[in-house]
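Fold and geometry: a report
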Amino acid sequence: VAGESSICFIDGNKGILSYRGYNIHTLAGNASFEETAYLLWYGTLPNQRQLADVKVQLAAERKLPAPVVEFLRSLPHGVPMDVLRTGVSMLSHYDADATDMSDAANQRKAIRLTSQIAMLVACFDRLRNGKEPVEPNPSASHAAAFLEMLTGRAPGPNAERAMDVALVLHADHELNASTFAARVTAATLSDVHSAVVSGIGALKGPLHGGANEAVMKLLLQFPDEQSALTGIEHMLRGKKKVSGFGHRVYHTEDPRATHLRKMSEALGRETGDLKWFRI
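Note that the structure is a prediction, hence the values are computed from the model and not measured. (Residues numbered from 1 in each chain as written. Predicted model: local features only at pLDDT ≥ 70, side-chain atom pairs only at ≥ 80, totals over all residues. Heavy atoms only, no water.)

**Looking at the overall build of the protein**
Stated formally: Where helices and strands are cited, they refer to DSSP runs of H or I of at least four residues and of E of at least two residues respectively, numbered from the N terminus. Atoms counted for the radius of gyration: C-alpha only. Globule rule: 2.2 Å times residue count to the power 0.38. Each residue is assigned to one of three classes by its accessible area relative to the maximum for its type, calculated with a 1.4 Å probe on protein chains only: buried under 20%, partly exposed between the two thresholds, exposed over 50%. Residue contacts are defined here by distance: any two heavy atoms, one from each residue, within 4.5 Å place the two residues in contact. Note that His is not counted, nor are the chain ends; the positive residues are Lys and Arg, and the negative ones are Asp and Glu. Here the site of a charge means NZ on Lys, CZ on Arg, CG on Asp, or CD on Glu.
Within the protein, the secondary structure is distributed over 14 helices and three strands. For a compact globule of 279 residues, the expected C-alpha radius of gyration is about 19 Å, and the protein comes in at 19 Å, within 12% of that figure. Residues classed as buried in the protein amount to 37% of the 279 residues present. In the protein, 63% of the contacts between residues at least 6 apart in sequence involve partners at least 24 apart. Where the 30 positive side-chain charges of the protein centre and where its 30 negative ones centre are 5 Å apart.

Pasting the structure below:
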């Protein structure tokens, strides 16, 4: 045991994930990402005034320094996680609170980075596809603003809700590899940006967050359901690891998959494209 946490709890045998004592199913069904982030940051769910304040703060931080945008523009190719890692490190040079280690400054940096990381991802994806960045919508939710910056159009309610719930489901996962790496860096009394960069470095690995990328690469090999069935059966017979099937912590269904499966099907039906859901 490396440490006890009041932030997140997992029971892999029972398929339980909870934040601050709230079951993930309760949060996914009833709380927005902004409410969940507030819960993780401050220990309680926000009241209406507190929620409105955090929304305003997140919206106000939807901006990237011009040199960071130019850096993203200079990278037509590259691994997105590498870009994210370097982008977060660059942001520290333009953060007025960078050397202030007070609780208040660290809280401001947490809010700022939450908005800026979404912008880094959306901005780089547009630039690498030959498109210009989209100005952030200050009145949109975090999930809707991200999708609009990514696609160039305001998302429908189902897409916004799906992104919002996905963010809630992935907001925390106990003392995993990237959290552990970030905490080691923070424990040296280093700064928030350095800790997050450490976390991103660990998250990139295929034995951690990089497993998501491995799943997509696997799916892209299959043109349809039948080829997917045949391909997976071949991998199983060869005792090859199948990314995305099973989890080293959960010995029953991953509670996050329960919601992601339903939303994936609903979005597929809405757009008329169920290919990826079926595969």
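**Quick word on the environment of Asp254**
Filter applied, for reference: Polar contact is defined as a pair of N or O atoms within 3.5 Å, subject to the rule that within protein one atom must be able to donate a hydrogen and the other to accept it, and that residues adjacent in sequence are counted only when both atoms are side-chain atoms.
Here Asp254 is to be found in the loop between helix H12 (225-237) and helix H13 (255-271). In the structure, Asp254 is positioned 242 residues away from Gly12 in sequence and 8.2 Å away in space, judged by C-alpha atoms. Polar contacts involving the side chain of Asp254 include one to the side chain of Arg256, which spans 2.8 Å.

**Some remarks on the pattern of salt bridges**
Put simply, the rule is: Basic side-chain nitrogens of Lys or Arg form a salt bridge, by our definition, when they fall within 4 Å of a carboxyl oxygen of Asp or Glu.
Considering all chains together, one arrives at 15 salt bridges under this definition. With a shortest N-O distance of 3.0 Å, Arg261 and Glu253 are connected by a salt bridge. Between Arg269 and Glu265 there is a salt bridge, and its shortest N-O distance comes to 2.8 Å. Of the two residues, Arg269 and Glu265 both sit in helix H13, four residues apart, roughly one turn of that helix. Overlapping salt bridges bring together Glu61, Asp95, Asp97, Arg108 and Arg112 as one network.

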